[in-house]
Amino acid sequence: MKKRLLLSMIVLTTALMSFGQSTMEVNTKKLGASIQSTMYGIFFEDINFAADGGLYGELVKNRSFEFPQALMGWQAFGCFDVEDDGPFERCPHYVVLSDPGHPDRRSGLVNEGYFGIGVDKDETYRFSVWAKAPKGDGAIRVQLIDENSMEEKQEFVEKEIDIKGKDWKKYTINITSPKKDKHAKLRIFLKGTNSVALEHISLFPVNTFKNRENGMRRDLAQALADLKPGIFRFPGGCIVEGTDLATRYQWKNTLGPVENRPLNGNRWEHTFDYRYYPDYYQSYGLGFFEFFQLSEDIGAEPLPILNVGMACQYQNWNKESAHQPMDELKPYIDDCLDLIEFANGPANSKWGKIRAEMGHPAPFNMKYIGVGNEQWGEFYYERLKPFVAAIRAKYPEIKIVGTSGPVPEDVPDNTYRFEDGWKAMKAQKADLVDEHYYRNEEWFLTHGLRYDTYDRKGPKVFAGEYACHGEGKKWNHYEAAILEAAFMTGFERNADVVHMTTPAPLFSHVDGWQWRPDQIWYDNTDMFKTVSYYVQQMYATNAGTNVLPLTMDKKPVANQAGQNGLFASAAFDSKTNEVIIKIANTSKQPQAVNFQLSDIKTGGTAKTCTLFHQGMDDENTICKPELITPKAGSINYTADKKQATLSDELPPMSFRIYRIKK
Ligand code: AHR
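Rules and cut-offs
- Residues numbered from 1 in each chain as written.
- Predicted model: local features only at pLDDT ≥ 70, side-chain atom pairs only at ≥ 80, totals over all residues.
- Heavy atoms only, no water.
- Near = heavy atom within 4 Å.
- Polar contact = N/O pair within 3.5 Å; in protein donor to acceptor, adjacent residues only side chain to side chain.
- Areas by Shrake-Rupley, 256 points an atom, 1.4 Å probe, with all protein chains shown as cover.
- Nonpolar A, V, L, I, M, F, W, Y, C, P; charged D, E, K, R; others polar.
- pLDDT = per-residue confidence, 0-100.
- Contact = heavy atoms within 4.5 Å.
- Pairing = 2+ DSSP bridges.
- Helix = DSSP H or I, 4+ residues; strand = E, 2+ residues; numbered from the N terminus.
- Axes fitted to C-alpha atoms, helices over the stretch in contact; angles between N-to-C directions.
- Buried < 20%, exposed > 50% of the residue type's maximum accessible area, 1.4 Å probe, protein only.
- Parallel < 35°, antiparallel > 145°, perpendicular 65-115°, else oblique.
- Left-handed = near helix turned anticlockwise from the far one by under 90°.
- Patch = residues over 30% accessible without salt bridge, like charges linked within 9 Å, V, L, I, M, F, W, Y side chains within 5 Å.
- Salt bridge = Lys/Arg side-chain N within 4 Å of Asp/Glu carboxyl O.
- Lys, Arg positive; Asp, Glu negative; His and termini not counted.
- Charge placed at Lys NZ, Arg CZ, Asp CG, Glu CD.
- 1 Å grid on protein atoms, 1.4 Å probe; cavity = no way out; pocket = protein on both sides within 12 Å on 5 of 7 lines; lining within 4 Å.
- Points joined across faces, edges and corners; volume = space filled by probe spheres on them.
- Phe/Tyr/Trp six-rings, centres within 6.5 Å; stacked < 30°, edge-to-face > 60°.
- Lys NZ or Arg CZ within 6 Å of the ring centre and 35° of its normal.
- Core = buried A, V, L, I, M, F, W, Y, C linked by side-chain atoms within 4.5 Å.
- Arc of directions from axis to C-beta.

A. Local environment of the site of the ligand. The immediate surroundings of the ligand are formed by Glu 45, Gly 237, Cys 238, Trp 268, Asn 373, Glu 374, His 436, Tyr 438, Glu 465, Pro 505 and Trp 515. Within the side chain of Glu 45, a nitrogen or oxygen atom sits 2.5 Å from an oxygen atom of the ligand. One nitrogen or oxygen atom from the side chain of Tyr 438 is found 2.7 Å from an oxygen atom belonging to the ligand. In the complex, 97% of the free accessible area of the ligand, which totals 280 Å², lies under the protein chains. Split by residue class, the shell around the ligand holds five nonpolar, three polar and three charged.

B. Here's a closer look at the confidence of the model for the protein. Of the residues in the protein, 97% have a pLDDT of 70 or more, and the chain-wide mean is 96. Throughout residues 4-17 the model reports pLDDT below 50, and contacts reaching past four residues in sequence, or to other chains, amount to seven contacts.

C. A look at the sheet that holds strand β23 (residues 507-509). Within the open sheet, the three strands sit side by side as β23-β24-β25. Their pairing is mixed. The sheet is open, and its two borders are formed by β23 and β25 (527-529), each paired with just one other strand. Pairwise comparison of adjacent strand axes, ignoring direction, gives a mean angle of 20° for this sheet. As paired elements, strand β24 (residues 520-522) and β25 share three bridges and run antiparallel to each other. Residue Ile 520 lies in a different strand from β25, and its bridge partner there is Lys 529.

D. Main features of the pairing of strand β6 (residues 108-111). Burial along β6 is two-sided: Gly 108 and Val 110 facing one way and Leu 109 and Asn 111 facing the other are all buried. With four bridges joining them, strand β3 (residues 74-77) and β6 adopt antiparallel strand pairing. Along β6, the bridge assignment pairs Ala 76 with Leu 109. The pairing of β6 with strand β12 (residues 181-191) spans four bridges and is classified as antiparallel. Bridged to Leu 109 within β12 is Ile 188.

E. Here's a closer look at the packing of helix α8 (residues 378-394) against helix α9 (residues 418-427). Running from N to C, α8 and α9 cross one another at 15°; their axes reach a closest spacing of 11 Å. In terms of orientation, α8 lies roughly parallel with respect to α9. Handedness of the crossing formed by α8 with α9: right-handed. Along its contact with α8, which presents Tyr 380, Tyr 381 and Leu 384, the element α9 presents Asp 420, Gly 421, Ala 424 and Met 425. Looking at the contact of α8 with α9 residue by residue, the classes come out as five nonpolar, one polar and one charged.

F. Main features of a negative patch on the surface. On the surface, a cluster of negative charge is contributed by Asp 81, Glu 83, Asp 84 and Asp 85. With respect to the helices and strands, Glu 83 occurs in strand β4 (residues 79-83). Judged by its relative accessible area of 32%, Glu 83 is partly exposed.

G. Seen up close, the layout of surface pockets. In this model, the largest pocket occupies a volume close to 410 Å³. Lining the largest pocket are 23 residues, with Arg 126, Lys 170, Glu 213, Asn 214 and Val 258 positioned closest to its centre. Tallied by class, the residues present in the lining of the largest pocket amount to six nonpolar, eight polar and nine charged.

H. The packing of aromatic side chains, seen in detail. Considering all chains together, one arrives at 55 aromatic pairs under this definition. On the numbers, 5.6 Å between centres and 85° between planes, the contact of Phe 234 with Phe 292 is edge-to-face. Residue Phe 234 is found in strand β14 (residues 231-234), and its partner Phe 292 is found in helix α4 (residues 288-298); the two are separated by 58 residues along the sequence. In this structure, Phe 234 and Phe 292 share a single accessibility class: buried. Against the face of Trp 515 rests Lys 474, its NZ or CZ located 5.9 Å from the ring centre.

I. Structural context of the pattern of salt bridges. Using the criterion set out here, one finds 45 salt bridges in the structure. One salt bridge in this structure joins Asp 146 and Lys 179, with 2.9 Å as the shortest N-O distance. Here Asp 146 is found in the loop between β9 (138-145) and β10 (155-163), whereas its partner Lys 179 is found in the loop between β11 (169-176) and β12, with 33 residues between them in sequence. Within this structure, Lys 180, Lys 182, Asp 523 and Asp 526 form a network of salt bridges that share partners.

J. The nonpolar core, seen in detail. Ranked by internal contacts, the top residues of the largest apolar core, which has 133 residues, are Phe 44, Leu 55, Ile 369, Tyr 451, Phe 491 and Phe 507. Sorting elements by how many residues they give to this core places helix α11 (residues 478-493) first, with ten residues. Setting aside residues no more than four positions away along its own chain, Ile 369 makes contact with Leu 303, Pro 304, Leu 306, Cys 336, Leu 339, Ile 340, Ile 391, Ile 398, Lys 399, Ile 400 and Val 401. Core analysis: the next-biggest nonpolar cluster, separate from the first, contains 32 residues, Val 129, Val 142, Phe 156 and Ile 163 among them.

K. Molecular detail of helix α7 (residues 350-357). Along α7, the positions that sit buried rather than exposed are Trp 351, Gly 352 and Arg 355. Taken end-on, α7 shows its buried residues confined to a sector of 100°, consistent with a single buried face. Across α7 from its buried face, at more than 90 degrees, point the exposed residues Lys 350 and Glu 357. Packing partners of the buried residues in α7 comprise α4 and α6 (330-344).

Here is the structure:
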């Protein structure tokens, strides 16, 4: 035992010695650029069943029978018909259940939910249905069932509803579940022999985030709030563009009563045939009003992205006919102008009135709009111009976010024209440019200085989609998250030019995903936060207000020659009067570091927060949601008349934050 201890001490000392001590200077007097409140944020897209089946509270799939196959998600049995002259113009389909013709036969419906219906013990769910009884009063029995139960009965809770009269009416009951079940189903039996017509059948947790009736799943929305995001980009991503323009995201269709919001396709239904979900549609239940309200609820600035008259370029490439002709862009431009009125206009303006009627008379105070998701080339540059002109003319105070396409640099065949994109955005005076990068470990290790050389006079940077995609390891493993943390020191150091950052994608259902890594995973009842999520949270909750110079041998610390895989940055928090240092050790060895902080003349104890784990390929999971989490700690530092000195040993492949009172 003693021998082993001695051996590990020798290994540790050799490792420390092999790198020597890295000394870094932090000039705490030289307040640099302001760190924008929008610096760290979230990007939501309905991919990986992030909206329906995810954040949006609805538990019933195809609640309005509007999927192209009207009974997708449902099993209908006995005597039933699908009709299409229902009370909601844009969702006209409904089901009629009728006498099955024998007292022992049944008519009814079973809904499978999204990979099942998740219910929690003692939680209450609101069941609602629009119904009528065309030939005399009828009734239905509403049950939550466990089809695989070995109990005598499959149903574990049941209630009845009487359906009275020939006119459509909404019926609502609350159902409390006596048990937790991740894969329950909703079953409805016709009771008696009189027909009933059923439309918009909904099951919704009562206990949503902020208790909103058309609200969000509480645990998932809370996880967003806990990230303390400064900016909230929505609703995508490629779904903004659509596989074709007919299926682009149309925010106007997401307003008003949910019963009358038309169904839209979802390009993530068919993007990858190796992860194919034929029943993936957008109900628009989580629409623009809900997005704005959620932004407000979690304290983030809303950043809606609108279609620029282009279908997804990945799916249409150079086929110009896929896009809206230049002389027919007006409806798309109007969508932008009308959205600004919807968000910010007075309650008596055309679109502001709709916002007020939906329950928010006060403006949402939107400051940014993105035009185009991830476009590139002339089709985009020329289409963007009239949008910019129209928005500037009517709403000069709104900041416009353009895009430089899907890659962060010119690639050999220059398909995506990154540099041209930036030139075009500069020429058109976009306020921010949305950059996207999904890159491997090597890229994250070697691009720490990416923003140090950016033009300070042009548009600001919005790193709107980024993630470290491990080479041959596309999951949420620990190593990738540490490299993201390391790279993000470059965001902070360059806060004068980097104004917003949002990793991507945000959400993913463990039973139905198309893309990973992601920030937050969940099944129908439980969730877990990835290590990448914790990295984001560590940054956002330790953002500071101003950059401070931090250097090693007068050079920024970004894994430069002689820096032994270290990445570091510093900020001052004028609200708490603290110096905040962030440092990642991306080497596989422990390292001794020493910070010399000018102008701190008394010693003390710094608070620390550390992310460290030994299995590089490990990740948090539903079963082990907290395998890897940041840990709070503290460390003493000394001071003389000139400066404070904080000496520490960083574990290999770790990320640590220090907060030091000034
Ligand atoms: O985040 C997933 C996808 O990646 C987004 O929809 C798109 O913008 C990018 O290609």
